[in-house]
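Working through the structure, step by step
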Amino acid sequence: MSTPHDPDRAPSPSQTSAVAHEDVIPFRAAVRAWFAISLQTFGGPAGQIAVMQRTLVDEKRWIGQKRFLHALSYCTLLPGPEAQQLAVYIGWLLNGVRGGLVAGILFVLPGVAALLALSAVYVAAGDTVVVTALFAGLAPAVLAIVAQAVVRVAGRALGHPALVALAVAAFVALAVFAVPFPLVVAAAALIGWALGRWAPQTMRTATGHGGAADGPAPLIPDDALHTETPSRTHAVKVLLIGVAAWAVPVGAVAAWTGAGSVFTDQAVFFSGAALVTFGGAYAVLAYVAQKAVEVYGWLAPGEMVRGLALAETTPGPLIMVVQFVAFVGAYRQPGSLDPWAAAVLAALLTTWVTFVPCFVFVFVGAPCITAAVVGVIANLAVFFAVHTLFGATTTLTLGPAHLQVPEPGTLRPVALMIGLVAAGLLFRLKWSVLRTLGVCAALGLAAGLGTAAVS
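Analysis parameters
- Residues numbered from 1 in each chain as written.
- Predicted model: local features only at pLDDT ≥ 70, side-chain atom pairs only at ≥ 80, totals over all residues.
- Heavy atoms only, no water.
- Helix = DSSP H or I, 4+ residues; strand = E, 2+ residues; numbered from the N terminus.
- Expected span 1.5 Å × (residues − 1).
- Polar contact = N/O pair within 3.5 Å; in protein donor to acceptor, adjacent residues only side chain to side chain.
- Axes fitted to C-alpha atoms, helices over the stretch in contact; angles between N-to-C directions.
- Left-handed = near helix turned anticlockwise from the far one by under 90°.
- Contact = heavy atoms within 4.5 Å.
- Patch = residues over 30% accessible without salt bridge, like charges linked within 9 Å, V, L, I, M, F, W, Y side chains within 5 Å.
- Areas by Shrake-Rupley, 256 points an atom, 1.4 Å probe, with all protein chains shown as cover.
- Salt bridge = Lys/Arg side-chain N within 4 Å of Asp/Glu carboxyl O.
- Buried < 20%, exposed > 50% of the residue type's maximum accessible area, 1.4 Å probe, protein only.
- Core = buried A, V, L, I, M, F, W, Y, C linked by side-chain atoms within 4.5 Å.
- Phe/Tyr/Trp six-rings, centres within 6.5 Å; stacked < 30°, edge-to-face > 60°.
- Lys NZ or Arg CZ within 6 Å of the ring centre and 35° of its normal.
- pLDDT = per-residue confidence, 0-100.
- Pairing = 2+ DSSP bridges.
- Parallel < 35°, antiparallel > 145°, perpendicular 65-115°, else oblique.
- Nonpolar A, V, L, I, M, F, W, Y, C, P; charged D, E, K, R; others polar.

**A closer look at helix 13 (residues 339-364)**
With 26 residues, helix 13 should reach 38 Å at 1.5 Å per residue; the first-to-last C-alpha distance of 38 Å fits that figure. Its side-chain oxygen at 3.0 Å from the backbone nitrogen of W340, D338 defines the N-terminal cap of helix 13.

Here it is in structure tokens:
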């Protein structure tokens, strides 16, 4: 029985055991599809992956279900936002390098534009009663969202007591002993590799959802191979191009503004952060927040939570919160530039150095082993809770242990109430992130305006 002709499906020899080198689908059709997907990438990686699943697997039948899940598993092992890298990887399977570039760029472009505009609004009007009240409602909601991320990642990643112990160790190392985040990631990678090598029973394979969808056979079937055979020449070529793509703009900005400028500092710092972003944005944000607040002075402690709230409301990966950090930091430390020009330059440069490694990792095909993400995200949840629910903190020191504890007398009752409401909406009623943020923003606005009216 023949199937209706689909203009987005091209005759291809890909319905064999390998994917052809030429386009599997017409390039224009791929561009249209990725642009449509980019406008729906709200709700974090789970929502973004679901959009690609529905569009690419269920509706268009461009890739098989098992092949999609294999690609997702591969991208989860890479540092960086897994959903964006999944788009790059599938785009590469469908249309080669140009397909991967288009898919990855379009995936983040709407979010970059939206967050740039929201960052400008925050800088221009962040001290007004209305904006302050809105963020007072959003910050506790973000705390609940991060807590939900801990639960979700724990359910997916902690399939054995050894992995639970590794997560706890990562949390203690970060929260109590202030071990640098990159060292925690490196140790987790080494331990995870050792467990997989000598105690494979501790590593539980994730199971996918849904069987094969009804309809025509996918253009990239479940047994498809990569479009290119891995080679040293290919890896070196990609690495050289990637290094050049990073070094040219960073070098130009450093030569123009100076090696000690805020732009150079941000470019170098966020480049390093991009290389250790295992487990998604939440896993690296505590590290970014600590450096941005305590070392560089780009932000106040509570502002990191506000930036994440903005990133949650825009399409694209949550790691784009670093764009907000760069925008605000450069606006306040513009050097010889106009503050607005400095902010835009810093935001775009930070976005560039954050996502260039994502393309390199996918095109090279060099996965890393990751573990302890749950403990890292739990540390982020504690960091946000302390600075959102309390007005002041005290550092307790006992030998090498350093623990930030809140001062009970500085508890913010409104923030606590909104946080509990957000937790109930997310965990009990299973509301979406955007819907929850909307309710909490309204609660914060009502509380802030009410306080202003009384005073």
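**Some points on the packing of helix 1 (residues 27-38) against helix 4 (residues 82-125)**
The geometry of helix 1 relative to helix 4 is characterised by a closest axis approach of 9 Å and an angle of 35° between their N-to-C directions. Crossing of helix 1 over helix 4 shows right-handed handedness. Residues F27, A30, V31, W34, F35 and S38 of helix 1 form the contact with helix 4, whose own contacting residues are A87, I90, G91, L94, N95, R98, G99, V102, A103, L106, F107 and P110.

**Here's the deal with a nonpolar patch on the surface**
On the surface, V97, L101, I105 and L109 cluster together into a nonpolar patch covering about 320 Å² of accessible area. Topologically, L101 is positioned in helix 4.

**Section: helix 1**
If you check helix 1, its first and last C-alpha atoms are 16 Å apart, about what 12 residues at 1.5 Å a residue would give, namely 16 Å. Within helix 1, burial applies to A29, A30, A33, W34, I37 and S38.

**Observations regarding the pattern of salt bridges**
Tallied over the full model, the rule gives one salt bridge. The salt bridge partner of R332 is E303, with a shortest N-O separation of 2.6 Å. Highlighted residues: R332 in helix 12 (residues 321-332) and E303 in helix 11 (residues 301-312), separated in sequence by 29 residues. Owing to a relative accessible area of 45%, R332 belongs among the partly exposed residues under this scheme.

**Points about the nonpolar core**
If you look at the biggest cluster of nonpolar residues, it comprises 86 residues, and the most contacted ones within it are W34, M52, F68, L86 and F270. Sorting elements by how many residues they give to this core places helix 4 first, with 17 residues. The residues touching F68, leaving out its near neighbours within four places in the chain, are I49, M52, Q53, V57, I63, L86 and I90. With eight residues, the next largest nonpolar core counts I418, A422, V433 and L437 among its residues.

**Points about the packing of aromatic side chains**
Applying the stated criterion across every chain, the model contains 10 aromatic pairs. Ring geometry for F359 and F363: centres 6.4 Å apart, planes at 40°, overall tilted. Note that F359 and F363 are positioned in helix 13 at a spacing of four residues, about one turn of the helix. The residues F359 and F363 share a single accessibility class, namely buried. Of the aromatic side chains, those joined through ring pairs into one cluster are F269, F270, Y296 and W298. The lysine or arginine in question, R98, covers the ring of F27, its NZ or CZ lying 4.0 Å from the ring centre. Looking at R435, its charged tip hangs above the ring of W431, at a distance of 3.7 Å from the centre.

**Let's talk about the confidence of the model for the protein chain**
Overall, the predicted model of the protein chain reaches an average pLDDT of 77, with 72% of residues at or above 70. Averaged pLDDT values for the elements of the protein chain fall to 66 in helix 5 (residues 129-157) and rise to 93 in helix 12. Taken as a whole, residues 11-21 scores under 50 in pLDDT and shows 30 contacts with residues more than four places along the chain or in a different chain.

**What to know about the pairing of strand 1 (residues 393-398)**
Note: strand 1 against strand 2 (residues 401-406), six bridges, orientation antiparallel. From the neighbouring strand, T395 faces strand 2, where its bridge partner is Q404.

**Focus on the environment of G307**
Mapped onto the elements of the fold, G307 is located in helix 11. Apart from the residues lying within four places of it in its own chain, the contact partners of G307 are V321 and F324.

**Side note on the packing of helix 11 against helix 12**
Where helix 11 meets helix 12, the closest approach of the two axes is 8 Å, and the angle between their N-to-C directions is 130°. Judged by the angle between their axes, helix 11 and helix 12 are oblique. In this structure, helix 11 crosses over helix 12, and the sense of that crossing is right-handed. Each of E303, M304, G307, L308, L310 and A311 in helix 11 lies in contact with helix 12, whose residues at this interface are V321, F324, V325 and R332. Each residue belonging to the contact of helix 11 with helix 12 can be placed in one class, and the counts come to seven nonpolar, one polar and two charged.

**Remarks on the side chain of T55**
Examined against the element boundaries, T55 turns out to sit in helix 2 (residues 44-59). Among the residues examined, T55 registers a relative accessible area of 9% and is labelled buried. Not counting chain neighbours up to four residues away, the residues in contact with T55 comprise I37 and K60.

**With respect to the environment of L115**
The residue L115 is located in helix 4 in this model. Counting along the chain gives 196 residues from L115 to A311, while the straight-line C-alpha distance between them is 6.7 Å. Once residues within four sequence positions are removed from consideration, L115 is found in contact with L310, A311, T314, M320, V321, Q323 and F324.

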